[in-house]
Structure formats: C-alpha cells, structure tokens
Amino acid sequence: MSATPRLSAVELRAATGLAGLYALRMLGMFLILPVFAVYAGHLPGGESHVLVGLAFGAYGLTQALLQLPLGMWSDKVGRKKVIYIGLALFALGSIICAVADHIVWMIVGRAVQGAGAISAAITALLADLTREEHRTKAMAMIGGSIATTFAVSLVAAPTLAEWIGLPGIFALTAVLAVAAIIGVWRVIPTPALSRHHSDAEADTGRLPQVLRHPQLLRLNYGVFALHAAQMAMFTVMPLLLTQIGGVVLSRHWWIYLPVVLVGFVLMVPAVIIGEKRHKLKQVFVLAIALMCVAQLGMALWLPSLSAIVGWLALYFVAFNILEATQPSLISKIAPVAARGTAMGVYNTCQSASMFAGSAMAGWLYQHAGATPVFLLCAGLMAIWLVVSLGMQPPLPVRTQMFPIGEHWAGEPGVLSAKLGQIDGVKEAVVLIDERVALLKVLQSGWDEAAAQQLIAETH
C-alpha cells in the first residue's frame, strides 16, 4: 500500500479553491491593517484613540468567541452551510463599516465581520475533500495563500485607500465576500461524506488535555503575544510614519515593501536551519529575542524615518520566522490525536489577541502616546522569551495518517500498540470512528513498510 504521489483532480480543485477562498477573505481583513488608524480617526468620534482601538480589534473578539463553536456546528449542519452564513455575515459587517458615519458604527460593523468565523469550517471541509496522505500538502497551500495575501495587502492598501478611501475598501471586502460565496457554490466540491477529523478539527473532549499541556500553553501564549503586538503596532505605526517620517499615507507602501521583502528573504534560511538541522528551538528563541529588541527600539529610539525603517525591518524578520515556525511546533508537540484541537485553541488565542492588542494600544496612545504602546509590546515579548527558554526542544517528527478498512472489526488498542512498537514511531493511535490511524514518526529513518503492512491487514 503506497501513498498516491499527487493530489487527485478533486483534491487539487478543493485545495486551490479553499486557498483562494481564504485569500479573498483574509484580503478583506488585511487591507485595513496599515490604513485603519489614520482613516478611522477622521470619523465622528474617531478623535478617541480608545474607540479607534476597539473598532480595530472588535473583529478579533467575535472571531475568538465563535471560531470553535461554528467549526463544531459544521459537523452537524454541513460545512458549506456554515461557510455561506459566515461569508454573508462578513459581507454584512463590511457594508456596515462602509456606510458608518460614527466610530461606534464602525465598532458594530467590525464585530459583525468577525462573527463570520469560518476558519474551522474551511479546514474541516478541506479535510473532508482530501485523503489523509495529502492533507498536510493541502493545508500548506492555504497557509501560503494567507502569507501572500498579508504581504500584498501591506503594499497595496495605502494606494488603494488613496483611491477609494476606507469606505471603499470595506465596500470592496463586501464584494470579495460575495465573490467567495459564489466560489464556494461553483468551484468547491461538495463532499460525499462529512465526518469529524481529529487531525484538523477541535474536539471538546480533548480540550482539557490540550489546555493542561505545558508546552502547548507556551505556544498559545506566544501566538497571543505575537499578534497582540502586531495589532498594537498597526494601531499607532501609520500615525508615526506620517508624523515622524513625514510620509503621506499613499506612500506608506514604500516603507512596507522593502521591510516585508527583507523579512521574507531572511526567514527562509532560518526556517530551513531550524527544520533540517533540528535547531527549531534555537531559531525560535532567537526570533523572539529579535522581536523584543525591535519593540524596545521602537519604544526608546524613533528620531527619524530611517530609524522606523530599521526597526520595522528587524520586526518583520522576527515576525516571519515566528509565524512560520509556530504551527510546525504545534504539530510536533501536540498529542497526535489532539492536533486539530491544539490548532483550534491556538487560532482562538490568535483571534483574541487581535482585540486585546488594539484595545490596549488605543487606550495607551490616547493617554500617554506611542512609547508606552511599544513598551507594552516589548514586555509581552520579554515574558515570551523567558517562557520559551523552558520549552523542550521538539523531536524531529511529522504526522503520518493511514486509512483503516471500512469493514475492519479488530481491536483499535491492539493495533495502536503494534503500530507504536515500529521503529521510528513515537506515538500511534487508531481512531476507529474516523477509520484512521494517526502516527507521529521520525522525519527520516522510520519503518514505513512495517506500518503499511499492518494497515494493509485492515483492508
């Protein structure tokens, strides 16, 4: 029994379609990052940076509250139905933001946008439409679409805002959401069968195991700190680029483009060293330290545009490394049957941090200016650095999945034990309800043939 070398036509259509869906939806979110603080400040009530911060982060609050429940709901009512509802809410919230004539209405619209929390449902739909041996590859396609969309948004948003303004950007996001609905209907295949996938979805029964796991708690704090600092920075950085750097908003992309490119170029060798040479913890800790230095630099020394550019370049080097390595660490560290639950909690912490970071930054900037905002971010990074030093170096492992025969009626515990005794297998579990065997195996040197032989006996 050998793994199929390529995605099937249906799998490729599902993976590319869902990656495009993610990109369309994330484009609507990312486009406002570098311009929101400036444009929202011109609304009635926008003179309050506290309210601007709440409006900026309201999306993350409702996203965090609803992400896991909607994903679980999709198990019962169907993936596409939940995705349609979520995209419709996102479009409605975008329209409310586009016509908002007061910052309070902007808060309402952003909260409605976030209520369309469909990330978990999309991941579950992808799992329904791909075979176990190709799921990681399909997930990587979605991850790549998100990273690309983020980079494009930072560069495109300032010019786009000059052309159509913040209301126009929100109107555009509403159009993109409608286009995504059509794409789900016309492009994304409908699965013949939907079932729970422990490798891709959260399970309430496994939440206690995940929430008590000391290594996962470190990573959950890390993603919270990283994205809280990101939102805090974008709450004030557009204002500083204009006030200190003297750069008009439409030309902010002149700053973002080179620093994002530098961050990406330097991220690639760092991640390769971490993964291939089994130095992931060292690379991870170094990136946190760089992030802490960048935030301290922004807090203590921003005399000119060149200083802003230098600190932003260091920030994006660290950010890109951390953003790329944390999901890999989650996958390596999480119990093999709870990987989907671990990622669900991780993503919820990320969404919650968006609200916390922008709300805190708005309050601090209102009462004390930009320096305390960056000091707060530096403090979050310093705590993360201390916490990460105690992290156990992850084993060089990956998850391998094998389908169990539909009519096999053997003892799952016995098969799990046999699989666990194979050379190079660090953890094995047979989930009979899902008809799958999940193995955590060494990246090289494990006895795959022995595992395939045992699995073949179930067919």
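All figures in this text were calculated on a predicted structure; none of them were measured in a lab.

> Go over the packing of aromatic side chains with me, naming the residues and quoting the values.
Summed over the entire model, instances satisfying the criterion amount to nine aromatic pairs. With a centroid separation of 6.1 Å and an interplanar angle of 50 degrees, the aromatic rings of Phe 234 and Tyr 256 are classed as tilted. Pair noted here: Phe 234 is in helix H9 (residues 214-243) and Tyr 256 is in helix H10 (residues 253-276), with a separation of 22 residues, a long-range link. By relative accessible area, Phe 234 is classed as buried at 0%. Between the aromatic rings of Trp 253 and Trp 254, the centroid separation amounts to 6.2 Å while the plane-to-plane angle is 85 degrees, which identifies the pairing as edge-to-face. The exposure class assigned to Trp 253 is partly exposed, which follows from its relative accessible area of 29%. Every member of this aromatic cluster is reached through a ring pair, and the members are Phe 30, Phe 150, Tyr 315, Phe 316 and Phe 319. The ring of Phe 36 is capped by Arg 110, whose NZ or CZ atom sits 5.9 Å from the centre of that ring. Lying over the aromatic face of Trp 185, Arg 186 brings its terminal NZ or CZ to 5.1 Å of the ring centre.

> So, unusual backbone geometry: which residues are in play, and what are the values?
One non-glycine residue with positive phi stands out, namely His 278, at about 55 degrees. Residue position: His 278 is located in the loop between H10 and helix H11 (280-300). Positioned with a positive phi, Arg 435 is a non-glycine residue whose angle comes to about 55 degrees. As for its placement among the helices and strands, Arg 435 is situated in the loop between strand E2 (425-431) and strand E3 (436-442).

> Break down the sheet that holds strand E1 (residues 397-403) for me, citing the residues and quoting the values.
The strands that make up a sheet pair up through hydrogen bonds in the backbone, lying either parallel or antiparallel. Pairing is antiparallel across the open sheet formed by three strands, whose spatial order is E1-E3-E2. Strands at the two margins of the open sheet, each flanked by one partner only, are E1 and E2. Strand-to-strand twist in this sheet, taken as the mean axis angle between neighbours without regard to direction, amounts to 15 degrees.

> Run through the pairing of E2, naming residues and quoting values.
For E2 and E3, the ladder comprises six bridges, and the chain directions are antiparallel. In the strand pairing of E3, Ala 428 is matched with Leu 439. In this antiparallel pair of consecutive strands, E2 and E3, the connection spans four residues, and Arg 435 shows a positive phi of 55 degrees.

> Outline the packing of H10 against helix H12 (residues 305-333), supporting the account with residue identities and numerical values.
With their axes 8 Å apart at the nearest point, H10 and H12 run at an angle of 35 degrees to one another. Considering only the axes of H10 and H12, their crossing is right-handed. Each of Ile 255, Val 259, Val 260, Val 262, Gly 263, Phe 264, Leu 266, Met 267, Ala 270, Val 271 and Glu 275 in H10 lies in contact with H12, whose residues at this interface are Leu 305, Val 309, Leu 312, Ala 313, Phe 316, Val 317, Asn 320, Ile 321, Ala 324, Thr 325, Ser 328 and Lys 332. Grouping the constituent residues of the contact of H10 with H12 by class yields 17 nonpolar, four polar and two charged.

> Tell me about helix H3 (residues 49-77), and please be specific about residues and values.
Along its 29 residues, H3 runs 41 Å from first to last C-alpha, staying within 8% of the 42 Å computed at 1.5 Å per residue. In the structure, H3 departs most strongly from a straight axis at Gly 57, where the bend amounts to approximately 45 degrees. Phi turns positive one or two residues past the end of H3, at Gly 78, with a value near 110 degrees.

> Go over the pattern of salt bridges, please, and point to the residues and values.
Note on pairing: side chains with opposite charge can pair once their charged atoms come close. In this structure the tally under the stated criterion is 10 salt bridges. Note that Arg 135 is salt-bridged to Asp 199, the shortest N-O span being 3.0 Å. With Arg 135 in helix H7 (residues 135-186) and Asp 199 in the loop between H7 and helix H8 (207-211), this residue pair connects regions lying 64 residues apart in the sequence. Residue Arg 135 is classed as buried on the basis of its relative accessible area, which comes to 3%. A relative accessible area of 9% means that Asp 199 is categorised as buried. In this structure, Arg 195 and Glu 406 form a salt bridge, with 3.8 Å as the shortest nitrogen-oxygen distance. On the criterion of sequence distance, the pair formed by Arg 195 in the loop between H7 and H8 and Glu 406 in the loop between E1 and helix H15 (412-420) is long-range, its members being 211 residues apart. Connected through shared salt-bridge partners, Asp 75, Arg 79, Asp 128 and Glu 201 make up one network.

> Outline H10, listing residues and values.
Taking 1.5 Å as the rise per residue, H10 with 24 residues should run 34 Å; its terminal C-alpha atoms sit 34 Å apart, in good agreement. Met 267 marks the point of greatest bend in H10, at about 25 degrees, and the proline Pro 269 comes within the next four residues. Every buried residue of H10 is accounted for by Ile 255, Tyr 256, Val 259, Val 260, Gly 263, Met 267, Ala 270, Val 271 and Gly 274. Where the residues of H10 are buried, they touch H7, H9, H11 and H12. Looking at the residues trailing H10, positive phi occurs at His 278, about 55 degrees.

> So, the state of the cysteines: which residues are in play, and what are the values?
Inspection of every chain in the model, using the stated rule, returns zero disulfides. Of all cysteine sulfurs in the structure, the one in Cys 377 sits closest to Cys 349, which takes part in no disulfide; the separation is 17 Å.

> So what about the nonpolar core? Which residues, and what values?
Phe 36, Met 106, Met 237 and Phe 374 are the most contacted members of the largest nonpolar core, which has 122 residues in total. For this core, the element with the highest residue contribution is H9, accounting for 16 residues. Apart from the residues within four sequence positions on either side, Phe 36 is in contact with Gly 41, Val 52, Ala 55, Phe 56, Met 106, Leu 166 and Phe 170. In terms of nonpolar packing, the next biggest core, distinct from the first, is built from 16 residues, Ile 404, Val 430, Ala 437 and Leu 439 among them.

Criteria and cut-off values
Residues numbered from 1 in each chain as written. Predicted model: local features only at pLDDT ≥ 70, side-chain atom pairs only at ≥ 80, totals over all residues. Heavy atoms only, no water. Phe/Tyr/Trp six-rings, centres within 6.5 Å; stacked < 30°, edge-to-face > 60°. Helix = DSSP H or I, 4+ residues; strand = E, 2+ residues; numbered from the N terminus. Buried < 20%, exposed > 50% of the residue type's maximum accessible area, 1.4 Å probe, protein only. Lys NZ or Arg CZ within 6 Å of the ring centre and 35° of its normal. Pairing = 2+ DSSP bridges. Axes fitted to C-alpha atoms, helices over the stretch in contact; angles between N-to-C directions. Left-handed = near helix turned anticlockwise from the far one by under 90°. Contact = heavy atoms within 4.5 Å. Nonpolar A, V, L, I, M, F, W, Y, C, P; charged D, E, K, R; others polar. Expected span 1.5 Å × (residues − 1). Bend = angle between axes of the 7 residues up to and from the residue. Salt bridge = Lys/Arg side-chain N within 4 Å of Asp/Glu carboxyl O. Disulfide = S-S within 2.5 Å. Core = buried A, V, L, I, M, F, W, Y, C linked by side-chain atoms within 4.5 Å.

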